[in-house]
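Listed here are the chains, written in short residue letters.
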Amino acid sequence: QVQLVESGGGLVQPGGSLSLSCAASRGIFSMDDMGWYRQAPGKQRELVASIPTGRAPNYSDSVKGRFTITTDNAKNTVYLQMNSLKLEDTGTYYCKARKYAINYWGKGTLVTVSS
């Protein structure tokens, strides 16, 4: 069992940057992979970025080159650095951890990109 708590969401202007954090209640090293998902208003949840433990990250085409997912095992924390934000990046961002076939979800943090 693991609890995930996201933080760092807020209001940001287009072209701006924001950094999200996901703090896990126990070592993320024990997870198979970590990921960030988002859900825009009126839309379904979609994968933004994922990182298999100890391996290179993956990104959706829409955020590739703008977002960066990183992990800090010592702090049991996963980060999502978001740069060059666009209006369509608006949504609730969720942290997910996976161990085998079990997914653990955070409650989300709201990111609003608006001028």
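Please read all numbers here as calculations on a predicted model, not as lab measurements.

Before going further, it helps to spend a moment on the state of the cysteines. With the rule as written, the count across this model stands at one disulfide. Covalently, Cys22 is tied to Cys95 through a disulfide, its sulfur atoms 2.0 Å apart. Taking the torsion about the sulfur-sulfur bond, which here is approximately -80°, the covalent link between Cys22 and Cys95 counts as left-handed. In this pair, Cys22 is assigned in strand β3 (residues 18-24) and Cys95 in strand β9 (residues 91-99), connecting sequence segments 73 residues apart. Relative accessible area serves as the criterion here: at 0%, Cys95 is assigned to the buried category.

The phi torsion at Ser84 lies on the positive side, around 50°, for a residue other than glycine. The topology assignment puts Ser84 in the loop between β8 (77-82) and β9. Among the residues examined, Ser84 registers a relative accessible area of 40% and is labelled partly exposed. Even without glycine at this site, Tyr100 takes up a positive phi of about 55°.

Attention shifts here to the environment of Leu4. Following the sequence through the fold, Leu4 ends up in strand β1 (residues 4-7). Given the relative accessible area of 7%, Leu4 is considered buried. Taking the C-alpha atoms as reference points, Leu4 and Tyr94, separated by 90 residues in sequence, lie 9.2 Å from one another. In this view, Leu4 contacts Cys22, Ala23, Ala24, Met34, Cys95, Lys96, Ala97, Tyr104, Trp105, Gly106 and Lys107; residues no more than four positions away in its chain are not counted.

In this section: the environment of Pro41. As for its placement among the helices and strands, Pro41 is situated in the loop between β4 (33-39) and β5 (46-52). Residue classification places Pro41 among the exposed residues on the basis of a relative accessible area of 67%. Spatially, the C-alpha atoms of Pro41 and Thr92 are 8.3 Å apart, while their sequence positions differ by 51 residues.

Conventions we followed
- Residues numbered from 1 in each chain as written.
- Predicted model: local features only at pLDDT ≥ 70, side-chain atom pairs only at ≥ 80, totals over all residues.
- Heavy atoms only, no water.
- Disulfide = S-S within 2.5 Å.
- Helix = DSSP H or I, 4+ residues; strand = E, 2+ residues; numbered from the N terminus.
- Buried < 20%, exposed > 50% of the residue type's maximum accessible area, 1.4 Å probe, protein only.
- Contact = heavy atoms within 4.5 Å.

Scope: geometric values only; no functional claims are made or implied.
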